[in-house]
Amino acid sequence: MILVTGGAGFIGSNFVHLWLADHGEPVVTLDKLTYAGNLSNLAALEDDGRHHFVQGDIGDRDLVERLLHEHRPRVVFNFAAESHVDRSISGPGAFIQTNVVGTFNLLEAVRAYWAELPGEDRRAFRFLHVSTDEVYGTLGPADAPFAETNAYEPNSPYAASKAASDHLVRAWRHTYGLPMLTTNCSNNYGPFHFPEKLIPLVIHNALAGTPLPIYGDGLQVRDWLYVEDHCRALMRVAEAGAPGETYNIGGWNEQTNLDVVRAICRTLDEMRPRTDGGSYAEQITFVRDRPGHDRRYAIDAQKIERELGWRPRETFASGIRRTVRWYLDNQQWVDGVTSGAYRSWVDHHYGG
Ligand code: NAD
Ligand code: TYD
């Protein structure tokens with residue numbers, strides 16, 4: 001079986017669903033259920049005997065050691081993290097606690113477990129650390145996309161905390177020989193994406209008839225990947241990646257924020273036209289820029305394509321259509337996650 005940390009969040013829950021659909025091998029999900037973790041993301045698995053959910057913190061070494069010894073996973077996928085750049089600017093403490101100290105404690109628990117595994121299990125064991133392209137910093141318009149050999153130059157508290165966790169993972173490999181793999185992926189989108197991030201926020205606000213907030217001039221560039229493509233890449237890395245290696249994951253799909261928002265508006269205009277006959281694009285509003293806002297991210301995915309034969313299945317056009325459709329069909333999920341704590345964040349961050 002496998003252990004998935006952060007499996008009640010956006011990417012983790014997509015991963016658990018896809019894993020159980022593709023593999024059938026049992027999954028234990030460990031998640032603290034912060035504001036970003038929702039058990040409703042895993043509701044479809046409630047009666048599935050192959051899935052076992054445990055609420056807890058990756059930083060709780062005793063709990064993690066107990067889980068490892070009880071369930072004896074052959075792979076640990078570490079998704080658990082604080083993940084929102086804007087929140088890391090307002091309150092970086094939680095990012096240091098989970099992404100740095102939490103990852104350290106998780107690594108120590110895994111090291112103790114791995115050290116006691118018998119020969120073949122020990123050789124086959126893998127720890128896959130899920131990270132981000134934001135550790136590489138920002139690119140100029142003519143710069144080559146991020147390759148695995150780029151220097152780390154994190155700019156936000158979020159990116160710095162993820163960079164720190166990547167360094168810990170690297171050191172645990174180099175010093176203790178743990179069979180680690182690290183992946184650095186570009187921006188994801190798709191079902192179960194918490195509506196504080198750009199794409200689900202814009203879909204949510206568009207339908208609610210409220211402004212679609214674009215930071216600064218909206219010409220910042222991100223490299224968007226449909227979440228299931230990311231999940232399939234992680235499965236492939238766990239299956240065939242070389243321990244100690246890092247793999248950049250991306251879909252060669254750079255878009256400005258403004259183009260992304262316009263694409264969502266066009267899709268909504270077609271699938272759920274506004275009752276007044278106007279376009280959702282009329283709701284676009286330019287707001288104050290994010291402090292230290294990285295201008296451009298782009299991934300060079302040649303290594304994972306060449307060495308592991310991974311390719312994304314979705315284009316941006318098909319992925320956005322699937323995503324918008326999912327949000328239209330799952331308004332109950334959106335209503336559930338946009339209650340109390342979500343509203344205080346929106347008031348605090350966008351207020352005024
Ligand atoms: P998310 O915020 O939606 O989910 C994070 C999950 O981790 C939540 O369920 C939360 O409850 C849980 N969690 C937080 N702190 C925890 C702790 N101390 N112990 C146990 N669980 C804890 O994030 P996401 O977008 O699904 O991202 C998952 C991972 O992928 C993160 O490591 C992130 O850095 C990385 N990543 C995200 C993106 C993206 O575009 N979203 C891109 C590349 C990499
Ligand atoms: P986000 O989804 O927060 O991901 P990240 O900051 O990790 O790339 O933001 C994606 C881009 O969209 C980023 O350039 C910031 C911008 N953005 C807005 O313009 N308005 C918003 O309300 C949000 C949340 C993000």
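Preceding block: the structure.
Residues numbered from 1 in each chain as written. Chains lettered and ligands numbered in written order. Predicted model: local features only at pLDDT ≥ 70, side-chain atom pairs only at ≥ 80, totals over all residues. Heavy atoms only, no water.

(A) Main features of the overall build of the protein chain. The secondary structure content of the protein chain amounts to 13 helices and 13 strands. Taking 20 Å as the expected radius of gyration for a compact globule of 352 residues, we find that the protein chain reaches 20 Å, a close match to that expectation. Dimensions along the principal axes, computed over C-alpha positions, put the protein chain at roughly 65 × 50 × 40 Å. Evaluated residue by residue, the protein chain yields a buried proportion of 56% over its 352 residues. The contacts in the protein chain between residues at least 6 apart in sequence include a share of 81% that link residues at least 24 apart. Summed over all atoms, the accessible surface of the protein chain reaches about 14,700 Å², with 49% contributed by carbon and sulfur. (Helix = DSSP H or I, 4+ residues; strand = E, 2+ residues; numbered from the N terminus. Rg over C-alpha atoms; globule rule 2.2 N^0.38 Å. Buried < 20%, exposed > 50% of the residue type's maximum accessible area, 1.4 Å probe, protein only. Contact = heavy atoms within 4.5 Å. Areas by Shrake-Rupley, 256 points an atom, 1.4 Å probe, with all protein chains shown as cover.)

(B) Spotlight on the pairing of strand 4 (residues 75-78). Burial along strand 4 is two-sided: the face carrying Val75 and Phe77 and the face carrying Val76 and Asn78 are both buried. Bridge analysis of strand 4 against strand 5 (residues 126-132) gives four bridges, and the strand direction is parallel. If you follow Phe77 over to strand 5, its bridge partner there is Leu128. (Pairing = 2+ DSSP bridges.)

(C) Expanded view of unusual backbone geometry. In this structure, Leu33 takes a positive phi of about 55 degrees despite not being glycine. Here Leu33 is to be found in the loop between strand 2 (27-31) and strand 3 (51-55).

(D) Expanded view of the sheet that holds strand 1 (residues 2-5). Here seven strands make up an open sheet; going across it, the order is 3-2-1-4-5-6-11 and the pairing parallel. With partners counted over all chains shown, the strands left at the sheet margins are strand 3 and strand 11 (246-249), one partner each. Between one strand axis and the next, the sheet turns by 20 degrees as a mean value, whatever way the strands run. Against the sheet, helix 8 (residues 227-240) engages strand 4, strand 5, strand 6 (180-185) and strand 11, with an angle of about 145 degrees to strand 5. (Axes fitted to C-alpha atoms, helices over the stretch in contact; angles between N-to-C directions.)

(E) Molecular detail of empty space enclosed by the protein. In the structure shown here, the tally under the stated rule is two cavities of 30 Å³ or more. The volume enclosed by the second largest cavity comes to roughly 30 Å³. Residue lining of the second largest cavity: Met1, Leu3, Val28, Leu67, Leu68, His71 and Pro73, and that is the complete set. In terms of residue count, the dominant contributor to the lining of the second largest cavity is helix 2 (residues 61-71) (three residues). Counted by class, the lining of the second largest cavity contains six nonpolar, one polar and no charged residues. (1 Å grid on protein atoms, 1.4 Å probe; cavity = no way out; pocket = protein on both sides within 12 Å on 5 of 7 lines; lining within 4 Å. Points joined across faces, edges and corners; volume = space filled by probe spheres on them. Nonpolar A, V, L, I, M, F, W, Y, C, P; charged D, E, K, R; others polar.)

(F) Just the site of ligand 1, in detail. Taken together, 28 residues form the shell around ligand 1, and within it Ile11, Asp31, Ser83, Tyr158 and Lys162 come nearest. Between ligand 1 and Phe10, the relevant distance is 3.0 Å, taken from an oxygen atom to a main-chain nitrogen or oxygen of the residue. Within the residue set of the shell around ligand 1, elements represented by two or more residues are helix 1 (10-22), strand 5 and helix 6 (157-176). Among the elements that line the shell around ligand 1, the one with the most residues is strand 5, at three residues. (Near = heavy atom within 4 Å. Polar contact = N/O pair within 3.5 Å; in protein donor to acceptor, adjacent residues only side chain to side chain.)

(G) View of the layout of surface pockets. Approximately 640 Å³ is the volume attributed to the largest pocket. In terms of lining, the largest pocket is formed by 26 residues, of which the most central are Pro213, Val346, His349, Tyr350 and Gly351. The element best represented in the lining of the largest pocket is helix 13 (residues 340-350), accounting for seven residues. Among the residues making up the lining of the largest pocket, the classes are represented as eleven nonpolar, nine polar and six charged. Here the second largest pocket defines a volume of roughly 320 Å³. Forming the walls of the second largest pocket are 18 residues, and the residues nearest its centre are Asp166, Arg170, Thr182, Gly244 and Thr246. Here the element with the most residues in the lining of the second largest pocket is helix 6; it accounts for six residues.

(H) A look at the pattern of salt bridges. Summed over the entire model, instances satisfying the criterion amount to 21 salt bridges. With a shortest N-O distance of 2.8 Å, Glu254 and Arg296 are connected by a salt bridge. With Glu254 in strand 12 (residues 254-256) and Arg296 in the loop between strand 13 (284-287) and helix 10 (302-308), this pair connects stretches of sequence that are 42 residues apart. A relative accessible area of 37% places Glu254 in the partly exposed class. Judged by its relative accessible area of 8%, Arg296 falls in the buried class. (Salt bridge = Lys/Arg side-chain N within 4 Å of Asp/Glu carboxyl O.)

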